[in-house]
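Listed here are the chains, written in short residue letters.
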2 protein chains.
Amino acid sequence: MTGVLSGKDLAAAIRAEAKRACEGALVTPRLAVVVATDDESSAWYVRSIAAAAARTGLDCQVVDLGAGASPEEVEATLAGLSAEESVHGLMLQTPLPKGARLEELARAIDPVKDVDGANPLSLGLLAAGLPAFAPATAEAVMALLDHHGVELPGKTVTVVGRSNVVGKPLAHLLLARDATVTVAHSRTADLAAVTRTADVVVAAAGRPGLITAAHLRPGAVVIDVGTNATEDGGLVGDVADVSGVAGAVTPVPGGVGPVTTALLLAHTVEASRA
Amino acid sequence: MTGVLSGKDLAAAIRAEAKRACEGALVTPRLAVVVATDDESSAWYVRSIAAAAARTGLDCQVVDLGAGASPEEVEATLAGLSAEESVHGLMLQTPLPKGARLEELARAIDPVKDVDGANPLSLGLLAAGLPAFAPATAEAVMALLDHHGVELPGKTVTVVGRSNVVGKPLAHLLLARDATVTVAHSRTADLAAVTRTADVVVAAAGRPGLITAAHLRPGAVVIDVGTNATEDGGLVGDVADVSGVAGAVTPVPGGVGPVTTALLLAHTVEASRA
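Residues numbered from 1 in each chain as written. Chains lettered and ligands numbered in written order. Predicted model: local features only at pLDDT ≥ 70, side-chain atom pairs only at ≥ 80, totals over all residues. Heavy atoms only, no water.

Undergrad: Tell me about the relation of the copies chain B and chain A, residues and numbers included.
TA: By a simple turn and slide, chain B fits onto chain A: the slide is 0.0 Å along the axis, the RMSD is 0.0 Å, and the turn is 180°. Both copies are brought into coincidence by an operation consistent with a two-fold rotation axis. (Least-squares fit on C-alpha atoms with pLDDT ≥ 70 in both.)

Okay, here's the thing in structure tokens:
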């Protein structure tokens, strides 16, 4: 029997705590989201953040620069919002205009407002074990593992994907919890051999159905970070049907996604108290 | 036949290039080393850096605050030297006084002078694939692998040790070169099982003789970062006798060590040109 590691209850609990904090706050926490794309799934995600913020009692300020914005314009906007006292959390939505790199532009986000951990300084602080906001997606993986009682010390975890916003920071979060961590990626020679040694497999490659039952040791816990849009407007993860082999797997949608959004709000509340 | 991956020729070549650069420079590159310990092996290391700098044509300024220095004093000294125009490279020697953490104090090192990659911002930039100085030891491992023609793309590499100055930055350098990277450590449940899957094993745990022939797949390349002082004043690595099983191994002394020192000088020359 393969268990389902839902993120819905956890996300609801995180949002409920954030809501209580907002109700008792003197100043309403505000999250600013900078957008420089006309990508449809990005727009959908930003709307879902704004809706969750409204339900939870936060202000959400969407600053849409349009897909034609220059990197300099995006950077200046981030610097301006970093300096604005009323903004507590600040994130830059991807994809970005051609030639722009998130890790470069995000240097303009004040680390104390960097609620999605995109500034390389945040990544460095996190890696070094110093206080910093982790990218919400990476932290959502940890929160889901904890919520469902998955032990980490001494366990082997393979993270598939080496992005700056998921794979790399997640590796550091897992190391800090005493897991033995392997980072695999598109250039890994024999992915199945690497994932089959793992007690926990985190799929964060952005490739639908990449992880199959043949990639898993029986009983492995599988966290699916993939959010791949399907042609009919749906959402599929990086994990194929692994029931009967995996011990437990997160659903897509309803797994990592809602926890990520809830943590963005929780980080903004935390930043507003600093 | 187990090969020996000496670091001596490589170190000499790096120093020779640094020397040529110093000879042609308008301003003599200067490395400042801040010391706040009376540890004997630390003093030996600082003397060896100063001697290598002198031979290569760099100035080396040792600022010895004594073992009684407070963290605040160390931090202020680093900030002062960061602001000094004549100082191009700046490093803080360990061990540090009780209660002081390298990763916290090193935030006072200007990233452009952070020639030993100790500032968490340097680690974050490195992790994110942006320009930054890597810790010299981590880069020395990469330089040795390259010098001896060890291929990395698609290979499995296990790094034993998760320090902020070796294990973690090295994992990022290896990932950037398309290796599949595992970080193991003192809490790893079955170290031999993890290292035996690796084409390359990097021992950076600071435990004499930790890696034995039983930890290796036949033919594995072994890089020994350990520099453990023996009672008779000698130096031993983290790797026991692995001849006959390992494909090749770096010696201690004469492997990673001299390349590390040479790279510190090379980084300082590079910083002086920025």
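Undergrad: Tell me about the sheet that holds strand 2 (residues 30–35) of chain B, and please be specific about residues and values.
TA: Residues and elements named next belong to chain B. Read from one edge to the other, the open sheet built from three strands follows the order 3-2-4, with strand pairing classed as parallel. Bordering the open sheet on either side are strand 3 (59–64) and strand 4 (89–92), each of which pairs with just one other strand. Here the strands of the sheet are splayed against their neighbours by 15° on average, with no regard to which way each runs. In this structure, strand 2 lies alongside strand 4, joined through four bridges in parallel fashion. (Pairing = 2+ DSSP bridges. Helix = DSSP H or I, 4+ residues; strand = E, 2+ residues; numbered from the N terminus. Axes fitted to C-alpha atoms, helices over the stretch in contact; angles between N-to-C directions.)

Undergrad: Explain helix 6 (residues 136–147) of chain B residue by residue, including any values.
TA: Given a rise of 1.5 Å per residue, 12 residues ought to cover 16 Å, and the 16 Å separating the end C-alpha atoms of helix 6 of chain B matches this to within 8%. Taken from the residues just after helix 6 of chain B, G149(B) is the one with a positive phi, measuring 70°. (Expected span 1.5 Å × (residues − 1).)

Undergrad: Account for the domain arrangement of chain A, naming residues and giving values.
TA: Partitioning chain A into domains gives domain 1 (26–110) and domain 2 (136–257). For domain 1 of chain A and domain 2 of chain A, the distance between their C-alpha centres works out to 27 Å. (Domains from an automatic or database assignment.)

Undergrad: How would you summarise the environment of L123(A) if you had to cite specific residues and measurements?
TA: Structurally, L123(A) can be placed in helix 5 (residues 120–128). Residues L123(A) and T2(A), spaced 121 residues apart in sequence, show a C-alpha to C-alpha distance of 34 Å. Once residues within four sequence positions are removed from consideration, L123(A) is found in contact with N164(A), P169(A), G124(B), A127(B) and A128(B). (Contact = heavy atoms within 4.5 Å.)

Undergrad: Can you lay out the pairing of strand 6 (residues 180–184) of chain B for me, pointing to particular residues and giving the numbers?
TA: Taken across its five residues, strand 6 of chain B has five buried, putting it largely inside the fold. Taking every second residue as pointing to the same face, both faces of strand 6 of chain B are buried, with T180(B), T182(B) and A184(B) on one and V181(B) and V183(B) on the other. Across three bridges, the pairing between strand 6 (residues 180–184) of chain A and strand 6 of chain B is antiparallel. Bridge assignment links V183(A) to a residue of strand 6 of chain B, and that residue is V181(B). As paired elements, strand 5 (residues 156–160) of chain B and strand 6 of chain B share five bridges and run parallel to each other. In the sheet register, V157(B) faces strand 6 of chain B, and the bridge partner there is V181(B). In this fold, the crossover linking strand 5 of chain B to strand 6 of chain B by way of helix 7 (residues 167–176) of chain B has right-handed handedness. (Buried < 20%, exposed > 50% of the residue type's maximum accessible area, 1.4 Å probe, protein only. Right-handed = clockwise from strand over helix to strand, strands pointing away.)

Undergrad: Explain the UniProt feature "domain: Tetrahydrofolate dehydrogenase/cyclohydrolase catalytic" (unreviewed entry) in chain A to me, using residue names and the numbers behind them.
TA: Sites flagged by UniProt as "domain: Tetrahydrofolate dehydrogenase/cyclohydrolase catalytic" (unreviewed entry) map to residues 5–116 of chain A. Between the end C-alpha atoms of residues 5–116 of chain A there is a gap of 23 Å, over a span that is 45% helix and 14% strand. (UniProt positions renumbered as here; feature names shortened; annotations may be inferred.)

Undergrad: Can you break down the pattern of salt bridges residue by residue, with the values?
TA: Think of it this way: side chains of opposite charge can pair up when their charged atoms draw near. Residue and element names in this part refer to chain A. By the definition in use, this model includes 16 salt bridges over all chains. Across the pair E40 and R47 runs a salt bridge, and its minimum N-O distance is 3.5 Å. Given the relative accessible area of 53%, E40 is considered exposed. Several salt bridges converge on common partners, so that one network encompasses R101, E103 and E104. (Salt bridge = Lys/Arg side-chain N within 4 Å of Asp/Glu carboxyl O.)

Undergrad: Hey, could you go over the environment of I109(A) for me, with residue numbers and the actual values?
TA: Residue and element names in this part refer to chain A. Residue position: I109 is located in the loop between helix 4 (102–105) and helix 5. Under the relative-accessibility criterion, I109 is labelled buried at 1%. Distance from I109 to T197, taken between C-alpha atoms, is 39 Å for residues 88 residues apart in sequence. Apart from residues lying up to four places away in sequence, I109 is in contact with L78, S82, L90, L92, D114 and N119.

Undergrad: A description of the packing of helix 1 (residues 8–23) of chain B against helix 9 (residues 256–273) of chain B should follow, citing residues and the corresponding values.
TA: All names here are of chain B. It is at 8 Å that the axes of helix 1 and helix 9 come closest, and there the two elements cross at 25°. When the axes of helix 1 and helix 9 are compared, the pair comes out roughly parallel. When the axes of helix 1 and helix 9 are compared, the crossing they make is left-handed. For the pair formed by helix 1 and helix 9, the contact residues are L10, A11, I14, R15, A18, A21 and C22 on the first element and P258, V259, A262, L263, L265, A266, V269 and R273 on the second. A class-by-class count of the residues in the contact of helix 1 with helix 9 yields 13 nonpolar, no polar and two charged. (Parallel < 35°, antiparallel > 145°, perpendicular 65-115°, else oblique. Left-handed = near helix turned anticlockwise from the far one by under 90°. Nonpolar A, V, L, I, M, F, W, Y, C, P; charged D, E, K, R; others polar.)

Undergrad: Any chance you could break down the interface of chain B and chain A for me, citing the residues and the numbers?
TA: Interface size, as often reported, equals the accessible area lost upon joining of the parts. Each partner contributes to the interface: chain B provides 32 residues, whereas chain A provides 32 residues. At the boundary of chain B with chain A, total buried surface from both sides reaches about 2,700 Å², with 58% on carbon and sulfur atoms. At the surface where chain B touches chain A, the tally comes to four salt bridges. A salt bridge links D178(A) to R187(B); its shortest N-O distance comes to 2.9 Å. Linking chain B to chain A there are 18 residue pairs in polar contact (both at pLDDT 80 or more). (Buried area = accessible area lost by both parts, 1.4 Å probe. Polar contact = N/O pair within 3.5 Å; in protein donor to acceptor, adjacent residues only side chain to side chain.)

Undergrad: Which residues make up the side chain of Q93(B), and what are the values?
TA: Residue placement: Q93(B) occurs in the loop between strand 4 and helix 4 (102–105). Non-local contacts of Q93(B), meaning those with residues more than four positions away in its chain, are made with V33(B), V34(B), V35(B), S42(B), Y45(B) and V46(B).

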